[in-house]
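# Descriptive analysis of the structure
Each chain, written out:
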Amino acid sequence: MVLKFHAGLEMAMAGNENGRITGNWKKCVHIVGEKLKRLPSLAWQTMCKVGHEDPRRVIHALKVGLSLTFVSLLYLVEPLFKGIGKNAIWAVMTVVVVLEFTAGATLCKGLNRGLGTLLAGLLALLIECIAKSSGHVFKAISIGTAVFLTGSAATYMRFFPYIKMNYDYGAVIFLLTFNLITVSSYRVDNVLTIVHDRLVTIVVGCGICLVMSLLIFPNWSGEDLHNSTVFKLEGLANSIEACVNEYFYGEMEASEDIKSSEDPIYKGYKAVLDSKSTDETLALHASWEPRHSRYCHRFPCKQYVNVGAVLRQFGYTVVALHGCLRTEIQTPRSVRALFKDPCIRLAAEVSKVLIELANSIRNRRHCSPEILSDHLHEALQDLNTAIKSQPRLFLGSNNNRATNMFAIAAAQAGQKMQKHSNGVSLSSVKTDSSALLEWKTKRVSAEQSKDAERKSLRPQLSKIAITSLEFSEALPFAAFASLLVETVAKLDFVIDEVEELGRLACFKEFKPDDEVVVTSEKPRVDVTQNHLPSHGVD
């Protein structure tokens, strides 16, 4: 009976376990099924969101599809296939690799690919002519030596800064094509045919890419760099104003868990801090683009990079200003209220200057001569006056300062007295007993005087502690105000670089009756890497 009872219990437990596993499995299947049902709608929402952020992405995708269709005809149409042969597939690979989002990026990669292929083909023909006149063994040795020397030299040249910045992709294509043709020439009799077919397919592929990029809805890297500079100036202006408004009107808690991606202040300066690599890439691609503007002015891509560098330095101050909102020690609202109006006015004037700079770049005109108006200097003076009107918060009163000096002087005098008494003891201990008695008497009197001095200094030290407590409450605001003034000081550098940009880009002169176009639309700034996946080099 006992055995039957245990056997029944085990069967019941096994049944419960199997039932629990089955229930969990059904639950997992249900969750996966629900996710699969939502997958089409999520995919459609993502596609719509990406296209809505920048409609040029849709156009670029259609351009790539159309280019691949055209270049595939070389392989699909019988007459074209007979003319080029199986090497027609290289044209398809060229379109996939070369056709980028902007015209500058396409020109850079297309010309690099064509130049690298041409130089590699010519060098491979030269090596073939030298090795052809020799025997079979010497030909293999000469090919191996040429591959080693050329590969080493080309790879070492890729470390040169100028070549790495402008022709790195061309150097890679040169190495690939040279090794392909040179090594193949050992088994193939007619190397000229290989060079010809390879060059023709590259030219056809690059030609289709250049036509699509330059003539059909072109996207210019220079325009993206121009718009990104405007967007960064506006973002900094919004961040400064929002930061000051939150400091005086918002609730600031150091323990508050706020995601950075949702913070409007962070969004304003994030694009500035992350813009170094983007600006350099856009400037490099813009340097390859032809002069496509109405007046055919030279595009000062390096100056745009300089403006971006100055804006990053300005942005670091805004980051520190934003950090004052999340510090553990905060100035009481009663103290902040004393300086609210001048700080808000100063931040508004700084934002006004940045917006004016953004509008001048957007409209391609020089800055207004009154960009640093008297209102900014008046706001600075008002803040300075407000701080001076509360000396006890920052410097302490005259009585407290005198007390501090007295306490320090008294402490120093006590230290000197102790050292002096120690010096007397060392000189007197080696004399007679009367000197020893005199030394003990002086030491006792010195200790009594120190106790009396300590008791007298205790109230003074309490006053110093109170003064330092008041100063610690005002210290966070002092840091905030100094950073706000620092933004005004760095405005001069930003204005100088923007004015230099206007001079190099030949912006039109400012006229008082010019209409300032202010748009709230976010400029669309895209880099090639954000749109196309990275491809291998073929």
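As shown above, the structure is provided for reference.
Only a predicted model underlies this, so the values are computations on that prediction, with no experimental measurement involved. (Residues numbered from 1 in each chain as written. Predicted model: local features only at pLDDT ≥ 70, side-chain atom pairs only at ≥ 80, totals over all residues. Heavy atoms only, no water.)

All told, the structure shown has one cavity of 30 Å³ or more when counted by the stated rule. Reported here for the largest cavity is a volume of approximately 30 Å³. As for the largest cavity, its lining consists of Ser-360, Arg-365, His-366, Cys-367, Val-498, Glu-499, Gly-502 and Phe-507. Looking at the lining of the largest cavity, the element that brings in the most residues is helix H19 (residues 433-504), giving three residues. Taken together, the residues of the lining of the largest cavity sort by class into three nonpolar, three polar and two charged. (1 Å grid on protein atoms, 1.4 Å probe; cavity = no way out; pocket = protein on both sides within 12 Å on 5 of 7 lines; lining within 4 Å. Points joined across faces, edges and corners; volume = space filled by probe spheres on them. Helix = DSSP H or I, 4+ residues; strand = E, 2+ residues; numbered from the N terminus. Nonpolar A, V, L, I, M, F, W, Y, C, P; charged D, E, K, R; others polar.)

Under the criterion given, the structure shown has 17 salt bridges. One salt bridge in this structure joins Glu-223 and Arg-364, with 3.1 Å as the shortest N-O distance. Here Glu-223 is found in helix H10 (residues 221-249), whereas its partner Arg-364 is found in the loop between helix H15 (340-362) and helix H16 (374-388), with 141 residues between them in sequence. A relative accessible area of 29% means that Glu-223 is categorised as partly exposed. A salt bridge links Arg-345 to Asp-382, with the nearest nitrogen and oxygen atoms 2.5 Å apart. Of the two residues, Arg-345 is situated in helix H15 and Asp-382 in helix H16; the sequence distance between them amounts to 37 residues. (Salt bridge = Lys/Arg side-chain N within 4 Å of Asp/Glu carboxyl O. Buried < 20%, exposed > 50% of the residue type's maximum accessible area, 1.4 Å probe, protein only.)

Glancing now at the packing of helix H11 (residues 264-273) against helix H13 (residues 301-323). Look at H11 against H13: their axes get within 9 Å of each other, and the N-to-C directions meet at 150°. Here H11 lies roughly antiparallel to H13, going by the angle between them. The element H11 and its partner H13 pack so that their crossing is left-handed. From H11, Ile-265, Tyr-266, Tyr-269, Val-272 and Leu-273 reach across to H13, where they touch Leu-311, Arg-312, Gly-315, Tyr-316, Val-318, Val-319 and His-322. A class-by-class count of the residues in the contact of H11 with H13 yields nine nonpolar, two polar and one charged. (Axes fitted to C-alpha atoms, helices over the stretch in contact; angles between N-to-C directions. Parallel < 35°, antiparallel > 145°, perpendicular 65-115°, else oblique. Left-handed = near helix turned anticlockwise from the far one by under 90°. Contact = heavy atoms within 4.5 Å.)

A surface patch of nonpolar side chains, about 690 Å² in accessible area, is lined by Leu-66, Phe-70, Leu-73, Tyr-75, Leu-76, Val-77, Leu-80 and Ile-89. With five residues, the single largest contributor to the nonpolar patch is helix H2 (residues 56-76). Relative to the elements of secondary structure, Val-77 occurs in the loop between H2 and helix H3 (78-84). For Val-77, a relative accessible area of 33% translates into the label partly exposed. (Patch = residues over 30% accessible without salt bridge, like charges linked within 9 Å, V, L, I, M, F, W, Y side chains within 5 Å. Areas by Shrake-Rupley, 256 points an atom, 1.4 Å probe, with all protein chains shown as cover.)

Quick look at the packing of aromatic side chains now. For any pair of aromatic rings, the description rests on two quantities: the centre-to-centre distance and the angle between the ring planes. Summed over the entire model, instances satisfying the criterion amount to ten aromatic pairs. Their ring planes at 80° and their centres at 5.8 Å tell us that Tyr-156 and Phe-160 sit as a pair that is edge-to-face. Judged by its relative accessible area of 37%, Phe-160 is partly exposed. An aromatic cluster of at least three residues, connected via ring pairs, comprises Tyr-162, Tyr-167 and Trp-288. Above the ring of Tyr-169, the side-chain terminus of Lys-109 is found at 4.9 Å from the ring centroid. (Phe/Tyr/Trp six-rings, centres within 6.5 Å; stacked < 30°, edge-to-face > 60°. Lys NZ or Arg CZ within 6 Å of the ring centre and 35° of its normal.)

This part takes up the environment of Ala-131. By secondary structure assignment, the location of Ala-131 is in helix H5 (residues 103-132). Residues in contact with Ala-131, not counting those within four places in the same chain, are Lys-139 and Ser-142.

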